[in-house]
Amino acid sequence: AGFGAGLGLALASSAFIGGSFVLKKKGLLRLCGRARAGQGGHAYLREWLWWAGLLCMGVGEAANFAAYAFAPATLVTPLGALSVLVSAVLSSIFLNEQLNVHGKIGCILSILGSTVMVIHAPQEEEVSSLESMAEKLKDPGFIAFAVCVLVSSLLLIFVAGPRYGQSNVLVYVLVCSAIGSLSVSCVKGLGIALKELFSGKPVLKEPLGWVLLVCLVICISIQINYLNKALDIFNTSVVTPIYYVLFTTAVMMCSAILFKEWQHMVLDNIIGSISGFLTIVSGIFLLHAFRDMPFTPSLLPLFLQPGRTDPHPPWSSADRHQCCQHQPLLPSEDKGSQSAEEEEEE
């Protein structure tokens, strides 16, 4: 029951989140002559399309929130690849961001890799109360991971952002992904708190639940801000898959450290999870690396090009040599002017 509920909620989350990228981009494109998000402006707050995208993202994140409460994070997160497919299809329809053959193959590979990861998903350690969640949050490995995430995010925001944020898509997306890994941990803790609240336990008196709520609000605010900047500067079909890969990697690392998901895995599940993730990365590489390469029939081999029956070009080397032998060295006009000059000299 938990697996089915988590799977259905994760699928619904991918659909809403994929559509939210397109709605937000559509709203950002309507900011003609006003301060754009890429330059630090907030004029998009007056666009209803942007708010519609934010509402769709809120619904998707709520479904994702519930999915994390029913299933392991490493099972829910890879299904975010479907949001890449939804965003790519809707972008080609409503934003005229056409996907070439490489992009379509990349989407298919991302979906296949996600399926393999779901099949071989690791099992997390059972966390049934806020007390056990607090013990896991005190683990030295997780504390070191959280410190590294915060330090690297601050360096990206204040050092790399002003220099490379307008030209490199990884700067702002890395901030969203790194902070997003911490938000998943907060979501898992709040899901446990809600379960205890519905069972009648006095959860509202526990300070850990409120701390996790405040941290979640801060993390989501940072994600929304820098994701808007990335969407305003770069193509939606580029931002979405790169964000998925980096976010999935960060969540897998965080879940492996916090919930010890990889500790009791057998060899075939380890190989399957790694292979599925590498397949996703290959698909995302095809989406990103060849996004500006037009795929035309002229790129095909000659025998596959339409209307070409003769594989040999008509301008062969023998014909070219023969024509060069009979080609005059000077044009006829130059010859006439040269003969006239000779007559004058005589």
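My aim in this report is to walk through the structure given alongside it, one point at a time. Owing to the predicted nature of the structure, the values given are computational and were not obtained by experimental measurement.

This part covers a nonpolar patch on the surface. Side chains of I143, V147, V151, L154, L155, F158 and V159 sit close together on the surface and give an oily, nonpolar patch of about 650 Å² of accessible area. Relative to the assigned elements, L154 resides in helix α7 (residues 140–164).

Attention shifts here to helix α6 (residues 130–137). Looking at α6, one finds that the buried residues are L130, M133, K136 and L137. Mapping the buried residues of α6 onto a view down its axis gives an arc of 115°, with all of them on the same face.

Ranked by size, the top nonpolar core spans 72 residues in total, and within it Y68 and V239 carry the most contacts. No other element matches the 14 residues that helix α8 (residues 170–198) contributes to this core. Ignoring any residue separated from it by four or fewer positions in sequence, one finds Y68 in contact with A73, V76, T77, V184, V187, K188, F247 and V251.

On to the environment of L79. Locating L79 in the fold gives a position in the loop between α3 (73–76) and α4 (81–94). Taking the C-alpha atoms as reference points, L79 and T248, separated by 169 residues in sequence, lie 9.6 Å from one another. Beyond its immediate stretch of four places on either side in the chain, L79 contacts L7, A10, S14 and V118.

Here we come to the layout of surface pockets. By volume, the largest pocket amounts to about 610 Å³. For the largest pocket, the lining is made up of 31 residues, of which I17, E61, N64, Y243 and F247 are closest to its centre. For the lining of the largest pocket, the elements supplying multiple residues, two or more each, are α1 (2–29), α2 (48–70), α8, α9 (207–233) and α10 (236–258). With eight residues, α2 is the largest single contributor of residues to the lining of the largest pocket. Grouping the amino acids of the lining of the largest pocket by side-chain chemistry returns 19 nonpolar, eleven polar and one charged.

Our next topic: the environment of L197. For L197, the position within the fold is in helix α8. Setting aside residues no more than four positions away along its own chain, L197 makes contact with V203 and L204.

For the rest of this paragraph, the subject is α7. Taking 1.5 Å per residue as the helical rise, α7 with its 25 residues ought to reach 36 Å, and the 33 Å between its terminal C-alpha atoms agrees with that figure. The sharpest bend along α7 comes to roughly 35°, located at L156. Burial in α7 covers these residues: F142, F145, A146, V149, S153, L156, I157, A160 and G161. Of the residues flanking the start of α7, the one acting as N-cap is D139, its side-chain oxygen 3.0 Å from the backbone nitrogen of G141.

A separate point is the state of the cysteines. If you walk through the whole model with that rule in mind, you get zero disulfides. Take C186: it sits in no disulfide, and the sulfur closest to it among the cysteines is that of C215, at 5.0 Å. Between C219, a free cysteine, and C186, which holds the nearest cysteine sulfur, the sulfur-to-sulfur gap is 5.2 Å. A relative accessible area of 9% means that C219 is categorised as buried.

Turning our eyes to something else, we now look at the packing of aromatic side chains. One pass over the structure, following the stated rule, counts three aromatic pairs. Residues Y172 and Y226 carry aromatic rings whose centres are separated by 5.7 Å and whose planes lie at 40° to one another, so their mutual orientation is tilted. Pair noted here: Y172 is in helix α8 and Y226 is in helix α9, with a separation of 54 residues, a long-range link. Look at Y172 and you get buried, because its relative accessible area is 8%. Look at Y243 and F247: their rings are 5.7 Å apart centre to centre, the planes differ by 15°, and that puts the pair in the stacked class. Highlighted residues: Y243 and F247, both in helix α10, separated by four residues, approximately one helical turn. Under the relative-accessibility criterion, Y243 is labelled buried at 13%.

Scoring rules and cut-offs
- Along each chain, residue indices are assigned from 1 in the same order as the chain's sequence is written.
- Local features in a predicted model are, by the rule used here, given only for residues with pLDDT of at least 70; side-chain atom pairs are given and counted only at 80 or more, and totals for whole chains, interfaces and linings are based on all residues.
- Each side-chain value is derived from all of the structure's non-hydrogen atoms; neither hydrogens nor water enter the calculation.
- Residues qualify for a patch when their relative accessible area is over 30% and they have no salt bridge, like charges being joined within 9 Å and the nonpolar side chains of Val, Leu, Ile, Met, Phe, Trp and Tyr within 5 Å.
- Here the Shrake-Rupley method, with its probe set to 1.4 Å, supplies the accessible areas, and only the displayed protein chains count as covering residues.
- Just to be clear on terms, a salt bridge is a Lys or Arg side-chain nitrogen sitting within 4 Å of an Asp or Glu carboxyl oxygen.
- Strands are runs of DSSP state E lasting at least two residues, helices are runs of H or I lasting at least four, and both sets are numbered from the N terminus onward.
- Working definition: with a 1.4 Å probe on protein chains only, accessible area under 20% of the residue-type maximum means buried, over 50% means exposed, and in between means partly exposed.
- Our arc is simply the arc of the directions from the helix axis toward the C-beta atoms.
- Residues enter a nonpolar core if they are buried and are Ala, Val, Leu, Ile, Met, Phe, Trp, Tyr or Cys, with the set joined through side-chain atoms within 4.5 Å.
- Contact criterion: two residues are considered in contact whenever any of their non-hydrogen atoms come within 4.5 Å of each other.
- A 1.4 Å probe that fits into a set of points on a 1 Å grid over the protein atoms alone but cannot get out defines a cavity; an open set with protein on both sides within 12 Å along at least five of seven lines defines a pocket, and lining residues are those with an atom within 4 Å of a point.
- Grid points are joined across faces, edges and corners, and a volume is the space filled by probe spheres set on the points.
- The nonpolar class holds Ala, Val, Leu, Ile, Met, Phe, Trp, Tyr, Cys and Pro. Asp, Glu, Lys and Arg form the charged class, and all remaining residues, Gly among them, are polar.
- Here, expected helix span is obtained from the residue count minus one, scaled by 1.5 Å.
- Here the bend at each residue means the angle between axes fitted to two seven-residue stretches, the one ending at that residue and the one beginning there.
- Polar contact criterion, stated in full: a pair of N or O atoms within 3.5 Å, where within protein one must be able to donate a hydrogen and the other to accept it, and residues adjacent in sequence count only if both atoms are side-chain atoms.
- Cysteine sulfur atoms are paired as a disulfide whenever they fall within 2.5 Å.
- Between rings of Phe, Tyr and Trp, where Trp is taken as its six-membered ring, a pair exists when centres lie within 6.5 Å; planes separated by under 30 degrees are stacked, by over 60 edge-to-face, and by other angles tilted.

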